[in-house]
Amino acid sequence: MPLSPPPHNGGVVVPHDHQEILDGDDIIRRISDEQCITTAEGTRRVSSIAFQASSGPNGGMSIDIKRSIEEAQLVAAEFVTTPKWIGSVTMKAAVPRSVGLMVGYDPLPDNVHHGEVWGKFDRKKSKHLQRNSQWFVPIPGVGLV
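Computed from a predicted model, the values in this text were never measured in an experiment.

Criteria and cut-off values
- Residues numbered from 1 in each chain as written.
- Predicted model: local features only at pLDDT ≥ 70, side-chain atom pairs only at ≥ 80, totals over all residues.
- Heavy atoms only, no water.
- Pairing = 2+ DSSP bridges.
- Helix = DSSP H or I, 4+ residues; strand = E, 2+ residues; numbered from the N terminus.
- Axes fitted to C-alpha atoms, helices over the stretch in contact; angles between N-to-C directions.
- Salt bridge = Lys/Arg side-chain N within 4 Å of Asp/Glu carboxyl O.
- Buried < 20%, exposed > 50% of the residue type's maximum accessible area, 1.4 Å probe, protein only.
- Core = buried A, V, L, I, M, F, W, Y, C linked by side-chain atoms within 4.5 Å.
- Contact = heavy atoms within 4.5 Å.
- Polar contact = N/O pair within 3.5 Å; in protein donor to acceptor, adjacent residues only side chain to side chain.

(A) Main features of the sheet that holds strand β8 (residues 102-105). Ordered in space as β8-β9-β6-β3-β7-β10, the 6 strands form an open sheet in which the pairing is antiparallel. Looking along the sheet, the strands with just one partner apiece sit at the ends: β8 and β10 (134-137). Put simply, the sheet's adjacent strands are angled 40° from each other on average, direction ignored. Here 2 bridges tie strand β3 (residues 26-31) to strand β6 (residues 61-65), and the two strands are oriented antiparallel to one another. Its bridge partner lying in β6, Ile28 is registered against Asp64.

Below you can see the structure in the form of structure tokens.
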């Protein structure tokens, strides 16, 4: 069942916590090579910057809603992987909500399965998201934490 339209204000999606995205639903965060760092020990891992809000108008963290992708009969791992987005992680929608962030539906013209995590991000919240993520499409040789 498709998600109901999100609230808008002047054509822009208003940050909201979408009730149809359930706490047990998987949300996917795409990861690019630019979001990976090499540690002092020489190992590669995903940077906590991958778990922060963008500088966009609503300052959200882009996600894909796995249930929406699968209901469209698409293969989620293939859908979220592109030459730029070489890997992805997943977490339950309850994870950002547990630290006061909102998980909302924010469809884009080229991605009707797109959502955002909105709210006041800080280092502690970003680390919480990172620690509670699992690889969905792993990047070879890169760790999560």
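Now that the structure is up, let's keep going.
(B) Looking closely at the pattern of salt bridges. Taken as a whole and assessed by the stated rule, the structure comprises 8 salt bridges. For the salt bridge of Arg97 with Asp23, the shortest nitrogen-to-oxygen distance reads 2.8 Å. Here the residue Arg97 occupies a position in helix α3 (residues 94-97), and Asp23 occupies one in the loop between β2 (12-13) and β3, the gap between them amounting to 74 residues. For Asp23, a relative accessible area of 43% puts it in the partly exposed group. Among the salt bridges present, the one from Asp33 reaches Arg44, with a minimum N-O distance of 2.8 Å. Residue Asp33 is found in the loop between β3 and β4 (36-38), and its partner Arg44 is found in strand β5 (residues 44-46); the two are separated by 11 residues along the sequence. The class for Asp33 is partly exposed, based on a relative accessible area of 40%.

(C) Local environment of the nonpolar core. Among the nonpolar cores identified, the biggest contains 24 residues, and Val46, Val117 and Leu129 are the most heavily contacted of them. Within the residue set of this core, elements represented by two or more residues are β3, β6, β7 (87-92) and β8. Per-element tally for this core: the top contributor is β6, with 3 residues. Filtering out sequence-adjacent residues up to four positions away, Val46 remains in contact with Ile31, Gln35, Cys36, Phe51, Gln130, Trp135, Val142, Gly143 and Leu144.

(D) Summary view of helix α4 (residues 123-131). Taken together, the buried positions of α4 are Lys125, Ser126, His128, Leu129 and Gln130. Where α4 is buried, its residues touch β5, β6, β7 and α3. The N-capping residue of α4, defined by a side-chain oxygen 3.2 Å from the backbone nitrogen of Lys124, is Asp122.

(E) Spatial organisation of the sheet that holds β5. One open sheet accounts for 3 strands, arranged β4-β5-β11; its pairing is mixed. Pairing within the sheet leaves two strands with one partner each, and these edge strands are β4 and β11 (142-143). Note: β5 against β11, 2 bridges, orientation parallel. The partner of Arg45 across the bridge, within β11, is Gly143.

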